[in-house]
Amino acid sequence: MPGLDATARRAAELRAEIERHNQAYYVLDAPTIPDAEYDKLFRELQVLEAQYPALLVPDSPTQRVGAAPLKAFPPRRHGVPMLSLNNAFEPAEVEAFDQRVRDGLETIAAVDYAVEPKFDGLAISLTYENGLFTCGATRGDGASGEEVTPNLRTLRCLPLRLLGSGWPALIEIRGEVLIFKQAFVELNARQRQRADKEFANPRNAAAGSLRQLDSRITAGRPLAFFAYGVGAGAEALPIKTHAELIDLLASWGFPVAEERRVVQGAKGLLGYFAEIGEKRPSLPYDIDGVVYKVNKLAAQAQLGFVSRAPRFAIAHKFPAEEALTEVLGIDVQVGRTGAITPVARLKPVFVGGVTVTNATLHNEDEVRRKDVRIGDTVIVRRAGDVIPEVDAIVTEKRPMKPGKDLFDNEPVEPPFAMPTACPECGSAIAKGVDEAIARCTGGLYCPAQRKQAILHFAARRAMDIEGLGDKLVDQMVDAGLLHSPADLYGLTFETLAGLARMGEKSAQNLLAAIEKSKQTTLARFIFALGIRNVGEATARDLARHFGQLDALLAADAEALQQVADVGPIVAASLAAFLGEAHNREIIARLQSAGVVWTEEAPADNGPQVFAGKTLVLTGTLLTLKRDDAKTLIEAAGGKVSGSVSKKTDYVVAGEEAGSKLEKAQELGVPVIDEVELLKLLEQGVDA
Ligand code: IVH
């Protein structure tokens, strides 16, 4: 046997040589020796470092990320088998567990339990010899697993040499390898960027990353670890409880759950379950339940094991969040604003603690992407209180019909196609320009959109019907009194007075407000129709441009785009709305009910000195309030914008004008003050 000096020299030589090969391999992308030769050097250094922990320096290449790829994982027999836990789902099962424990311990006193999260990753056993990490393996069948030591070595959170002291000559540390939620999101983003396969969930990502034959791939994956127990070597530890064990593991440098506690009796267990259930969404890692362990190690030994699970511990699991079921049909639902959502009708399935019969498919693009069809078997997910959704289909289970030969099968069902008519009202369904969401275009007519449409119609900036709030609209629509805004003008005192909680005075006031709303402006009327993408300003532009409703109704998309500030998106939603006969019918009814406005012939509007011009107001004006200046400019055909650009025609600057003034000067936009503004209004732009 060589002396320590000679060994130390050999180790230093090896480190230098391996580092040179590493440099050549990783940095220069020019391998200098065959993998097998490199492995031999690496193993020699590992053996030396294991034999003489004093030789192990923090910068040894053996401490580094990744080693040469393996052909297969060698099997590894666990010193002490890795058991599994029995499961409980219901409080009664937890109470029965506690009862069995007390029976086994022959006590009626409340038992102390060490409680901790049940990590949703994969179980691992780490062997430390004389404080050094020498081997790590998966659980496998419990008796033996696969040795994945090089992969585990890449986990920066694992101590390669135990901290502190007092560890036995050989100890197996048991715990869970997992990926934190945030790291998972980032990992999938990277996978997507590189056009690599994305992982379904953090557990799959952790399992896939740990089972890489090339640990250099593992090294690039954000694997984490939590310790929760000990296999071989447990008997040599100077402790009496599980809680002390976890503290000891923490002192040796292992990550342990912060959420661990000691509680008393079944009540304590259920209290902890509720507490963690609440914390679950905000925990940085996934858990699928909690684990209860009798705290006293002597009591654990007394209780022992049944078949392959301990009698002293149990897993209390959350309801599964994913389940398989069958798609019976694909319906579409219409939201309050007309948004059409495809929904899968499912064979009822128990998932996330409730029976689910419907799951959202979000939108047409999503259905296409997932290619969900009737008859498909799908993975349904319901996490916490979120709406159940269809995660993915199980391709192998898709019903197929035989084609002309063995390889020519085709699906029984065609791909999903969005209906062209609204299931609620029969109006056309259209997708806005650049939008993922399809919508029913029958905004004034569609029962699904009724309440929203009436509320918007009555709003202060629209038809301004005072006293018609959402409660009253709900009540009247639910009572069948209102089907569209046009029905407002047919309401009578008798019908209103018949409504619950409606006094005579209120009924009279409401009728008066409705009557008063008949006198309006074309701009308000257009705005009140609730056309998608047509806000107050656009409604004003439209009113000014067309002057008359008939002219607007006659305009096609091209004509609409002639209006200042109406681009393809607004023109498309206007054309869709005005093209829908159901909407025109309601508009006609509103007019015959007596809704009128003074027609805004552009020529009658006085001199349109600012026609087509955009102005920006900034700072405090001398005499005019901001709103009044805006009204004056708009009456003269101008538009008031909130920000300065190259397209701005004038910036009207008052006292303490700030960045907008600077921007105007920068861009060379003419700057005027209030006096000049008033002069222009009076005399015209060219004066
Ligand atoms: S103790 C003798 N504690 O659950 C029992 N297991 O069904 C040893 N697990 O394969 C397990 N978190 O992967 C224990 N805090 C925890 C755990 C935990 C997750 C997993 C572990 C094991 C399975 C048992």
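Residues numbered from 1 in each chain as written. Predicted model: local features only at pLDDT ≥ 70, side-chain atom pairs only at ≥ 80, totals over all residues. Heavy atoms only, no water.

K.L.:
Before we move on, could you go through the nonpolar core and cite the residues and values that matter?
P.N.:
Membership of the largest hydrophobic core comes to 54 residues, with the highest contact counts inside it found for Ile 465, Leu 468, Leu 488 and Leu 542. Counting residues per element, the ones that place at least two in this core are helix H12 (450-458), helix H13 (470-478), helix H15 (504-517), helix H16 (522-528), helix H17 (536-546), helix H18 (549-554), helix H20 (568-579) and helix H21 (581-592). Ranked by residue count, the leading element in this core is H16, at six residues. With 36 residues, the next largest nonpolar core counts Phe 133, Ile 171, Leu 210 and Phe 225 among its residues. (Core = buried A, V, L, I, M, F, W, Y, C linked by side-chain atoms within 4.5 Å. Buried < 20%, exposed > 50% of the residue type's maximum accessible area, 1.4 Å probe, protein only. Helix = DSSP H or I, 4+ residues; strand = E, 2+ residues; numbered from the N terminus.)

K.L.:
Describe the side chain of Arg 174, listing the residues and the values that go with them.
P.N.:
Looking at the secondary structure, you find Arg 174 in strand E7 (residues 170-179). Engagement of the side chain of Arg 174 in a polar contact is seen with the side chain of Glu 172, the distance being 2.6 Å. Setting aside chain neighbours within four positions, we find Arg 174 in contact with His 78, Val 80, Pro 81, Met 82, Ile 124, Ser 125, Phe 225, Ala 227, Tyr 228, Gly 229, Val 230 and Gly 231. (Polar contact = N/O pair within 3.5 Å; in protein donor to acceptor, adjacent residues only side chain to side chain. Contact = heavy atoms within 4.5 Å.)

K.L.:
How would you summarise empty space enclosed by the protein if you had to cite specific residues and measurements?
P.N.:
Counted according to the given criterion, the structure contains two cavities of 30 Å³ or more. Put simply, the second largest cavity is a space of about 30 Å³. Broken down by secondary-structure element, the contributors of at least two residues to the lining of the second largest cavity are strand E1 (75-77), strand E4 (122-129) and strand E5 (132-138). Examining the composition of the lining of the second largest cavity, we find that three residues originate from one element, E5, more than from any other. Taken together, the residues that form the lining of the second largest cavity break down as two nonpolar, five polar and three charged. (1 Å grid on protein atoms, 1.4 Å probe; cavity = no way out; pocket = protein on both sides within 12 Å on 5 of 7 lines; lining within 4 Å. Points joined across faces, edges and corners; volume = space filled by probe spheres on them. Nonpolar A, V, L, I, M, F, W, Y, C, P; charged D, E, K, R; others polar.)

K.L.:
So, the state of the cysteines: which residues are in play, and what are the values?
P.N.:
Taken as a whole and assessed by the stated rule, the structure comprises zero disulfides. As a non-bridged cysteine, Cys 422 has Cys 440 as the owner of its nearest cysteine sulfur, 3.7 Å distant. When its relative accessible area of 4% is taken as the criterion, Cys 422 is described as buried. (Disulfide = S-S within 2.5 Å.)

K.L.:
An account of the packing of helix H3 (residues 91-105) against helix H9 (residues 265-279) is needed here, citing residue identities and associated values.
P.N.:
Where H3 meets H9, the axes come as close as 9 Å, and the angle between the chain directions of the two elements is 140°. Regarding the angle of H3 to H9, the classification is oblique. Taken as a pair, H3 and H9 cross one another with a handedness that is right-handed. Residues Pro 91, Val 94, Glu 95, Phe 97 and Asp 98 of H3 form the contact with H9, whose participating residues are Gly 265, Ala 266, Leu 269 and Leu 270. Each residue belonging to the contact of H3 with H9 can be placed in one class, and the counts come to six nonpolar, one polar and two charged. (Axes fitted to C-alpha atoms, helices over the stretch in contact; angles between N-to-C directions. Parallel < 35°, antiparallel > 145°, perpendicular 65-115°, else oblique. Left-handed = near helix turned anticlockwise from the far one by under 90°.)

K.L.:
Could you give me a rundown of the pattern of salt bridges, with the residues and numbers involved?
P.N.:
A complete count under the given rule lists 36 salt bridges for this structure. The closest approach of N and O atoms between Arg 10 and Glu 13, which form a salt bridge, is 3.0 Å. Placement of the pair is Arg 10 and Glu 13 together in helix H1 (residues 4-27), with a separation of three residues, close to one helical turn. You can call Glu 13 partly exposed: its relative accessible area is 48%. A salt bridge links Asp 565 to Lys 639, with the shortest nitrogen-to-oxygen separation between them at 3.1 Å. (Salt bridge = Lys/Arg side-chain N within 4 Å of Asp/Glu carboxyl O.)

K.L.:
Any details on the site of the ligand? Residues and values, ideally.
P.N.:
Not every one of the 13 residues close to the ligand is listed here, only the nearest: Glu 116, Phe 119, Glu 176, Tyr 228 and Lys 293. Residue Glu 176 places a side-chain N or O atom 2.6 Å away from an oxygen atom belonging to the ligand. Relative to its free-state accessible area of 520 Å², the ligand is covered by the protein chains to the extent of 84%. Of all the secondary-structure elements, those providing two or more residues to the shell around the ligand are strand E3 (112-119) and strand E10 (287-294). A class-by-class count of the residues in the shell around the ligand yields seven nonpolar, one polar and five charged. (Near = heavy atom within 4 Å. Areas by Shrake-Rupley, 256 points an atom, 1.4 Å probe, with all protein chains shown as cover.)

K.L.:
Give me the lowdown on the packing of H12 against H13, citing residues and values where you can.
P.N.:
Between H12 and H13, the least distance of the axes is 10 Å, while the angle of their chain directions is 135°. In this view, H12 runs oblique relative to H13, as classed from their interaxial angle. For H12 against H13, the interelement crossing comes out right-handed. For the pair formed by H12 and H13, the contact residues are Arg 450, Lys 451, Ile 454 and Leu 455 on the first element and Asp 470, Val 473, Asp 474, Val 477 and Asp 478 on the second.

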